[in-house]
Amino acid sequence: MEEQGGKAPDLLVEVRDLTKHYGSIKAVDGVSFSVRRGDVLGFLGPNGAGKTTAMKMITGFLEPDNGQIQVAGFDVATEGLESRRRVGYLPENAPAYGEMTVEGFLDFIAEARSLPDRSGAVRRVVEMTGLNEVFHQTVETLSKGFKRRVGLAQALIHDPEVLILDEPTDGLDPNQKAVVHGLIESLAAEKAIILSTHILDEVEQVCNRALIISGGRVLEDSTPRQLIARAPHHNVIRVHLNEDFLASEAGSNWIQRLREQPWCGSVESSPRGAIDAVPADGANHLSELLELLGDAQVEGVQLLEGRLDDLFRSVTKGVAA
């Protein structure tokens, strides 16, 4: 889509105060966020958090009880056809006609979307998703990895500006995941991509934003790097000590000196003879610790970055889903 003057809009998804009930259950509770061109937004949350419901409302498959959604400047409620033309959607369990060949299924999708050059569109997405070798096979005979690629191909066939991917790598092996990650990265610059996932490493690898949702509410909206910086083990220094030294009086004295450092908030036991020095201010104090080593019998020192899954558990703890 192009706005007047020939410039495509950068704000491609805007969600405001979105609410959805299933009976007495509030699946989505006042969710608001926006996604710009070039964003890959990781939608994180425990089962039942409201991720899939929110994504279905953005695509137009579900109608919200309250709130407003705009896709590429079009209101999903009042301009549904125009908004859906600009969205590619991969559901968690993408439906397909198993008796069709990959070629036939994708041609059917291209026809349903009234694409002027159906064969060209099919060739383009087959090349993008690496489906050449199974092009003439029936969908029901494909591996799970190839079926997922067929789902991605149908979502991309009309070259949408917005991609909504629900668990795009669920059940795939590491090689298949790498293919999907590479495809997402290759598409990111020109599109707005929202993907839900339970795989927190996936968010660190391919997303430039992470939105954590639980109990139907947005709890965090930041970059993966900023979230990791707030993780419980960010900048913790793990010191692996010789077991005999650790059990000795000299070891106890050294640990006591470590506790007395102004930057050290606490010293905690860690598996396999290691101790964790937790900084009081969350900053990197590796150089100060190295100066303290002296005659300590140290077998290794490791600066922990902190992990997104630590923060995820911390943020969602006690929130009803």
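Residues numbered from 1 in each chain as written. Predicted model: local features only at pLDDT ≥ 70, side-chain atom pairs only at ≥ 80, totals over all residues. Heavy atoms only, no water.

(A) Geometry of the pattern of salt bridges. Within this structure, the stated rule accounts for 13 salt bridges. Salt-bridge contacts for Arg-85 lead to Glu-82; the nearest nitrogen and oxygen are separated by 2.7 Å. Of this pair, Arg-85 and Glu-82 both sit in helix H2 (residues 80–85), three residues apart, which is roughly one turn of that helix. We note a salt bridge from Glu-82 to Arg-86, for which the minimum N-O separation is 2.9 Å. Residue Glu-82 is classed as partly exposed on the basis of its relative accessible area, which comes to 26%. By sharing partners, the salt bridges in this structure join Asp-10, Arg-37 and Glu-161 into a single network. (Salt bridge = Lys/Arg side-chain N within 4 Å of Asp/Glu carboxyl O. Helix = DSSP H or I, 4+ residues; strand = E, 2+ residues; numbered from the N terminus. Buried < 20%, exposed > 50% of the residue type's maximum accessible area, 1.4 Å probe, protein only.)

(B) The confidence of the model for the protein, seen in detail. Residue-level pLDDT values for the protein average 88, and 95% of them are 70 or greater. The secondary-structure element of the protein with the lowest mean pLDDT is helix H12 (residues 308–316), recorded at 74, while helix H3 (residues 102–112) shows the highest, at 96. In this model residues 1–6 is a low-confidence stretch, pLDDT under 50, and it forms nine contacts with partners more than four residues away in sequence or in other chains. (pLDDT = per-residue confidence, 0-100. Contact = heavy atoms within 4.5 Å.)

(C) The arrangement of the nonpolar core in detail. Ranked by size, the top nonpolar core spans 48 residues in total, and within it Leu-44, Val-102, Leu-106, Leu-131, Ile-157, Leu-165 and Ile-193 carry the most contacts. Considering every element that reaches this core, the biggest residue donor is helix H5 (residues 144–156), with six residues. Excluding its chain neighbours within four sequence positions, the residues that come into contact with Ile-157 are Leu-106, Ile-109, Ala-110, Arg-113, Leu-115, Ala-121, Val-122, Arg-124 and Val-125. Counting residues in hydrophobic clusters, the runner-up holds 27 residues, among them Val-31, Val-35, Ala-54 and Ala-72. (Core = buried A, V, L, I, M, F, W, Y, C linked by side-chain atoms within 4.5 Å.)

(D) Seen up close, the sheet that holds strand E7 (residues 162–166). The six strands lie next to each other as E6-E7-E8-E3-E9-E10, forming an open sheet whose pairing is mixed. Two strands lie at the open edges of the sheet, namely strand E6 (87–90) and strand E10 (217–222), each paired on one side alone. Taken pair by pair, the neighbouring strands of this sheet meet at an average axis angle of 15 degrees, ignoring direction. Pairing geometry for strand E9 (residues 209–214) and E10, over five bridges, is antiparallel. Counterpart to Ile-212 in the pairing with E10 is Glu-220. Lying over the sheet, helix H6 (residues 174–187) contacts strand E3 (40–44), E7 and strand E8 (192–197), oriented at roughly 155 degrees with respect to E8. Of the strands in this sheet, E3, E9 and E10 touch H12, which is tilted by about 30 degrees from E9. (Pairing = 2+ DSSP bridges. Axes fitted to C-alpha atoms, helices over the stretch in contact; angles between N-to-C directions.)

(E) Focus on the packing of aromatic side chains. Per the counting criterion, the structure on display carries three aromatic pairs. Measuring from ring centre to ring centre gives 5.6 Å for Phe-33 and Phe-43, while their planes differ by 55 degrees; the resulting arrangement is tilted. A residue pair is termed long-range when its members are at least 10 positions apart, and Phe-33 in strand E2 (residues 25–36) and Phe-43 in strand E3 qualify at ten residues. One exposure class covers both Phe-33 and Phe-43, and it is buried. Residues Phe-61 and Tyr-89 carry aromatic rings whose centres are separated by 5.2 Å and whose planes lie at 50 degrees to one another, so their mutual orientation is tilted. One end of the pair, Phe-61, is in the loop between helix H1 (51–59) and strand E4 (66–71); the other, Tyr-89, is in strand E6, with 28 residues separating them in the sequence. Taking the relative accessible area as the measure of exposure, Tyr-89 reaches 11% and is therefore buried. (Phe/Tyr/Trp six-rings, centres within 6.5 Å; stacked < 30°, edge-to-face > 60°.)

(F) Region of the structure containing the packing of H3 against H5. Look at H3 against H5: their axes get within 9 Å of each other, and the N-to-C directions meet at 25 degrees. Relative to H5, H3 is oriented roughly parallel. Considering only the axes of H3 and H5, their crossing is right-handed. Judged by residue contacts, Val-102, Phe-105, Leu-106 and Ile-109 of H3 engage Val-150, Ala-153 and Gln-154 from H5. Grouping the constituent residues of the contact of H3 with H5 by class yields six nonpolar, one polar and no charged. (Parallel < 35°, antiparallel > 145°, perpendicular 65-115°, else oblique. Left-handed = near helix turned anticlockwise from the far one by under 90°. Nonpolar A, V, L, I, M, F, W, Y, C, P; charged D, E, K, R; others polar.)

(G) Structural view of the packing of helix H4 (residues 118–129) against H5. The interhelical angle for the contact between H4 and H5, taken along N-to-C directions, is 140 degrees, at an axis separation of 9 Å. With respect to their mutual orientation, H4 and H5 come out oblique. Relative to H5, H4 is oriented so that their crossing is right-handed. Across from Arg-124, Val-125, Met-128 and Thr-129 in H4, the residues of H5 making contact are Arg-149, Leu-152, Ala-153 and Leu-156. In terms of residue class, the contact of H4 with H5 is built from five nonpolar, one polar and two charged.

(H) Region of the structure containing the side chain of Lys-20. For Lys-20, the position within the fold is in strand E1 (residues 11–22). Look past the residues within four positions of Lys-20 in its chain and what remains in contact with it is Ile-25, Lys-26, Ala-27, Val-28, Thr-53, Met-57, Glu-63, Pro-64 and Asp-65.

(I) Summary view of the sheet that holds strand E11 (residues 237–241). Read from one edge of the open sheet, four strands run E12-E13-E11-E14, paired in antiparallel fashion. Pairing within the sheet leaves two strands with one partner each, and these edge strands are strand E12 (264–270) and strand E14 (298–303). On average, each strand axis in the sheet is inclined to that of its neighbour by 20 degrees, with strand direction left out of account. In this sheet, strand E13 (residues 274–279) lies alongside E11 in antiparallel orientation, the contact comprising four bridges. Paired with Arg-238 across the strands is Asp-276, a residue of E13. Its contacts with the sheet put helix H10 (residues 249–259) on E11, E12 and E13, and the angle it makes with E12 is roughly 145 degrees.

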